[in-house]
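Examination of the molecular architecture
Okay, here's what each chain looks like letter by letter:
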Amino acid sequence: MRHSVREAGLTIEPPNGIVTLMFTDIVGSTLLRDTLIVEHGDGDGNRQYRERFLDPHNARIRALLARHRGFEVKTNGDSFMAAFAQAEDAVVCAAEIQRSLRGEPIATDDPGAPLAVRIGMHTGAATYVERDGKPDYDGHTVNIAARVESLLKGGRRIYCSSETAALAKMAPGIRYHRYGPYELKGVSVKVEIVDVLWDEAMQPAPPGQPHERLPYPWLTPWIGREREMAALDEALRASRLVTLHGTGGVGKTRLAVETLLARGGGLPREIVFVSLDQVPDAPEGLLGAVRDAVALTEVDAPDLAALCRHLHGGDRLLLLDNFESVKSAAEFVPPLATTPGVRLLVTSQQALGLMGERVVELEPMATRGDIATLESYRLFLGLAQQRDARWQPDDDAAMREVIAATDGLPYLIELVAAVAPKRMLRQLAGELQTRLKEVRAPGANERLAGRHASVVACLEWALARLPAEERQALPRLAIFAGGFDAEAAEAVAAAPLESLDVLVDASLLRFDRESGRYSMLPTTRQFARQILGADEQSRLASNHTHWFITRLKRADDALKAKGGQAQNAARRWIDAEYENVRQAVAYAEESEPELFERAVAAFALYLSQTCRFSEDVRLHETLIRRIDPEAVPGTWAMTQNDLGVAYWNLPTGDRGENLAEAIACYEAALRVRTKRDFPAAWAMTQNNLGIAYWNLPTGDRGENLGKAIAFYEAALRVRTERDFPADWAATQNNLGLAYWNLPTGDRGENLAKAIACFEAALRVRTERDFPADWAITQNNLGLAYWNLPTGDRGENLAKAIACYEAALRVSTERDFPADWAATQNNLGNAYADLPTGDRGENLAKAIACYEAALRVRTERDFPAGWATTQNNMGIAYRNLPTGDRGENLAKAIAFYEAALRVRTERDFPADWAMTQYNLGIAYEEMAAGEQGRDRRQAILCFESAARGYSAVGLTDNAERARQNAARLAVID
């Protein structure tokens, strides 16, 4: 039955042949829906989302589709797929959708961000089909249209292909901007992307990078599995935690990736692939893998709660692949899955068994029935014809036997199909049946049965048919972790490029053209490793370890060099080979102590630069236990110093305890690193001790900073400006910070000393030679002048402003966003306090600086900095002498209340109390002009501030807040 749609008396038939397909998607729908679910529960949250957003959106889209002769193919959650016989109708309809949502917006909880939609289109050949009685389309046009839409990040925009734009060129009120050809993952040809500018004021917004970070190592075509893709797609739209469950080799990873690539909207825009097959089976292993995949460090997300805070409010789907490798980490899954803006797709040979988990079973392809209709046969035929386009099966009975021998596992079908064009089918079937009988023979392997036997039998058969050299090379290549390149294969496993080509042709290896790296499926690796004897495994492990640690040492030398392409190449190499390096270091730890020492020394800088501090601490602790301080005192002292640095950086655990451990390590090192025998090393450790005491959160702050100053001054007796200029400047900068923070002594004198130190450092840290360090020290110098209590206040703040503006020449928003935002905030503070010039203009500049800082300091990514700047914005608006006083105070109150979302009484009691006090002042001033309406609110804020100040020992501040509350209470 051919479907048609009837709207307003008009029957719209599904077009066929050359069709323009349109995909639409609501921007941020995942976060909108998840936020409502978290606030109101599954039932009421979904109902509110449907009634407030989805139903009005759907009604709007359907009405405009009907008006412009668009056939509604299907809806997927928050998205539409529609088909048009004429490209011009599609483009005009898309423009009308955007104009309608702008003219009559659908409101969200954010007044400045009504519901927004993005639209992508492509025109090409497409075949109308019906699946389970529902309309759909087949053909590459579907995939291309979906991929064009997926390039859009924000809403209110339309992209189409050049084919659509060419056919719709006469569309009224539309301008086009061409971006040229783009490669779309899963699409074999480049597609020219065109921006449809539906408003005369619109400016082009070029496509960014693809939104998904999905691997695509497959060279074979994707055939079949339409029902499974549809089931997985539906599950992902309905549930926040979906597990794709099936046996090894059944194609879980490929199905998951293909489904996400073909998504037509309504799912998170950012797809992040998290490979778990080489991850340690522990919760921390899963945490580290997710952290790496979303480009966070251990500092950003030291624990699960911090990771969830970073992911909160995004628009991400995490694909956790091969979860059976980390099954003990299942407890970490529910907090991730219930974070608003996050959805999880898990592929696993075992279901997780968690509440709320939606399990989608992936069965092997059917191998019995009418062979012409079997997906397993279609896949086999397509794969064989990829090797030889003329190949056709010559024996139906033998073809059935071959398909049956694979148990319908796509992995095995690919393995066997690679040989089909080189064999008679009867011969191939006989070989497979013989191998299966041998594997299943009594006593051959009591534990193998069913599909496991088929996997082993097919792999043994595939291995046996290889030339001798490749038959021996495959098990040797199984020594690698996380893939390898051709150079490593030759050096470690004696597998030349020609052998790699043969193994790729046999589907036993996969090759990724983008990275130039080879990999094995976990099933193949497990099988191949079992072939090696214990002696051969040990020999290969030693080869692997020596080769990678030698290369690691070379990369470490490049990292320590000053800039250049070699440094960047070294970092990229370790990034790519991280799993192999870890495996090499672990083997050296167990088997080769001297090599382990070299490995830890070579690995330390990379671990520090990539914020893998827990691993750095563990390796140095292991190493220090193995070093005899009497036999090699210099090595022992160096390792103690490095362990101290690792503890100093460690973001997990108690900060005070970590720094106490660091101090103990430095002090131990100084028992060997004497000023006389090792002057440079002694000075380095003295400087490190100063840094540790400067950061120590326990004990008396004045005493700690006094010790830090003494250590810095000691270091400067060796680190002279002439002999060690860069180190001297770094220590001068550190000494300036210590004086700047010193709570004892005369404040003016301390800050004068700090200024002298910063100015000294800038003699070496020039803008040309050390731009980043120069900018940091300029910012520090600005802070010192901003706080200086002596001299002319206006002159001091003018100097501070000059320093901040100098720093911003280097600390740009693009290159150093966090530093740039901090300096913008500081510059705003200086303008806000400036006593010279026009007060209104100064505060307007301050507000502009704070607003700039908030482009980077978001609540999600930099919550503490965001709250500080929000508080500063409140102060600026409360003091602003221009504009409407009531509006300014209302804005100040909104900023203070925003800051209090982060500055909680529990986590930031002193800052919380300060902001509560500021909020009380704003409400009090608002009450003066509003007949006392806000006076009671001011009283509550002052009472809260008094409680917070008392809790942190700021008794004078607490008393002032109590007096304000009492004074207002009398008036009230």
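Let us look at the structure shown here. All values derive from a computational prediction rather than experimental measurement. Throughout, a residue's number is its position along its own chain's written sequence, starting from 1. It should be noted that, the model being predicted, local features are given only for residues of pLDDT at least 70 and side-chain atom pairs only at 80 or more, the latter also being counted only at that level, while totals for whole chains, interfaces and linings use all residues. As a rule here, side-chain values cover all heavy atoms of the structure and leave hydrogens and water aside.

Quick word on the overall build of the protein
In this text, helices come from DSSP runs of H or I with a minimum length of four residues, and strands from runs of E with a minimum of two, each type numbered from the N-terminal end. Each helix and strand in the protein was counted, giving 38 helices and 18 strands. Only C-alpha atoms enter the radius of gyration, while the globule expectation follows 2.2 Å times N to the 0.38, with N the number of residues. Since a compact globule built from 972 residues should have a radius of gyration of about 30 Å, the 33 Å found for the protein is in line with a globular shape. Here the C-alpha coordinates of the protein stretch approximately 100 × 85 × 50 Å along the principal axes. Of all 972 residues assigned to the protein, the portion counted as buried reaches 54%. By definition, residues are in contact when any of their heavy atoms lie within 4.5 Å. Contacts in the protein between residues far apart in sequence, at least 24 positions, make up 68% of those at least 6 positions apart. Using the Shrake-Rupley algorithm and a 1.4 Å probe, accessible areas are obtained, with residue cover drawn only from the displayed protein chains. Split by element, the accessible area of the protein, about 42,100 Å² in all, is 51% carbon and sulfur. The convention is simple: Lys and Arg are positive, Asp and Glu are negative, and His and the chain ends are not counted. A single reference atom marks each charge: NZ on Lys, CZ on Arg, CG on Asp, CD on Glu. In the protein, which carries 112 positive and 133 negative side-chain charges, the distance between the mean positions of the two groups comes to 2 Å. Burial status follows relative accessibility: with a 1.4 Å probe on protein chains alone, a residue under 20% of its type maximum counts as buried, one over 50% as exposed, and anything between as partly exposed.

What to know about empty space enclosed by the protein
The way it works is a 1 Å grid over only the protein atoms, where trapped points that fit a 1.4 Å probe form a cavity and open points with protein on both sides within 12 Å along at least five of seven lines form a pocket, and then any residue with an atom within 4 Å of a point lines it. Grid points are joined across faces, edges and corners, and a volume is the space filled by probe spheres set on the points. With the rule as written, the count across this model stands at three cavities of 30 Å³ or more. Size it by volume and the second largest cavity reaches roughly 40 Å³. L477, A478, F480, G483, F484, S519, M520 and R525 are the residues that line the second largest cavity. Ten residue types, Ala, Val, Leu, Ile, Met, Phe, Trp, Tyr, Cys and Pro, are classed as nonpolar, four, Asp, Glu, Lys and Arg, as charged, and the remainder, Gly among them, as polar. Among the residues forming the lining of the second largest cavity, the class breakdown is five nonpolar, two polar and one charged.

Observations regarding the pairing of strand β12 (residues 241–245)
The buried fraction of β12 amounts to five of the five residues, a majority that puts the element mostly inside the structure. What you see with β12 is no split at all: L241, T243 and H245 on one side and V242 and L244 on the other are buried throughout. The criterion for strand pairing is that DSSP finds at least two bridges linking the strands in question. Looking at chain direction, β12 and strand β15 (residues 342–348) are connected through five bridges and run parallel. By the bridge assignment, V242 is partnered in β15 with L345. Across four bridges, β12 lies against strand β16 (residues 358–361) in parallel orientation. By the bridge assignment, H245 is partnered in β16 with E361.

Thoughts on the nonpolar core
Counting 232 residues, the largest nonpolar core has L345, F380, L477 and F603 as its most contacted members. Leave out the neighbours within four places in its chain, and F603 touches L552, I574, Y578, V581, R582, V585, E615 and L619. To qualify as a nonpolar core, a set must consist of buried Ala, Val, Leu, Ile, Met, Phe, Trp, Tyr and Cys residues joined through side-chain atoms within 4.5 Å. In terms of nonpolar packing, the next biggest core, distinct from the first, is built from 37 residues, Y49, F84, I97 and A168 among them.

Observations regarding the packing of helix α19 (residues 534–560) against helix α22 (residues 593–609)
Their axes nearest at 9 Å, the elements α19 and α22 cross at an angle of 45°. Here α19 is positioned oblique relative to α22, judged by the angle of their axes. Once α19 is placed against α22, the crossing between them reads as left-handed. Every residue of α22 that contacts α19 at T545, H546, I549, L552, K553, D556, L559 and K560 is listed here: L595, A599, A601, A602, F603, L605, Y606 and Q609. Among the residues forming the contact of α19 with α22, the class breakdown is ten nonpolar, three polar and three charged. Working convention: axes come from line fits to C-alpha atoms, limited for helices to the stretch in contact. Angles between N-to-C directions cover 0 to 180 degrees. Every angle not falling under 35 degrees, over 145, or within 65 to 115 is termed oblique; those three ranges are roughly parallel, roughly antiparallel and roughly perpendicular. Two helices crossing with the near one rotated counterclockwise from the far one by less than a right angle form a left-handed crossing, whereas a clockwise rotation gives a right-handed crossing.

Examining unusual backbone geometry
For residues besides glycine, phi is generally negative; the peptide bonds are generally trans as well. For N322, which is not glycine, the phi dihedral falls at a positive 65°. Position of N322 relative to the elements: it lies in the loop between β14 (316–321) and α9 (333–337). A positive phi angle is found at C611, which is not glycine, with a value near 60°. Owing to a relative accessible area of 16%, C611 belongs among the buried residues under this scheme.

What to know about the pairing of strand β8 (residues 157–161)
Taken across its five residues, β8 has five buried, putting it largely inside the fold. Across the two faces of β8 the burial is the same, with R157, Y159 and S161 and I158 and C160 all buried. The sheet contact formed by strand β6 (residues 117–131) and β8 spans four bridges and is parallel. For G120, the partnering residue across the bridge sits in β8 and is Y159. Of the pairings in the sheet, the one linking β8 to strand β10 (residues 191–197) comprises three bridges and is antiparallel in character. Its bridge partner lying in β10, Y159 is registered against D195.

Points about helix α5 (residues 226–238)
For a helix, the expected span equals 1.5 Å multiplied by the number of residues minus one. For α5, spanning 13 residues, the distance from its first C-alpha to its last is 18 Å, which sits close to the expected 18 Å at 1.5 Å a residue. For α5, the full list of buried residues reads M229, L232, D233, A235, L236 and R237.

Describing helix α23 (residues 613–626)
Here α23 contains 14 residues, and its C-alpha end-to-end distance of 20 Å stays within 8% of the 20 Å for a straight helix at 1.5 Å per residue. F613, E615, D616, V617, L619, H620, T622, L623 and I624 are the residues of α23 that are buried. Contacts from the buried residues of α23 go to α21 (578–591), α22 and α24 (633–649).

Considerations on the environment of C93
Residue position: C93 is located in helix α2 (residues 87–103). It is 43 Å that separates the C-alpha atoms of C93 and N322, two residues lying 229 residues apart in sequence. If near-sequence neighbours (up to four positions away) are discounted, C93 is found in contact with M22, L64, L65, H68 and F84.

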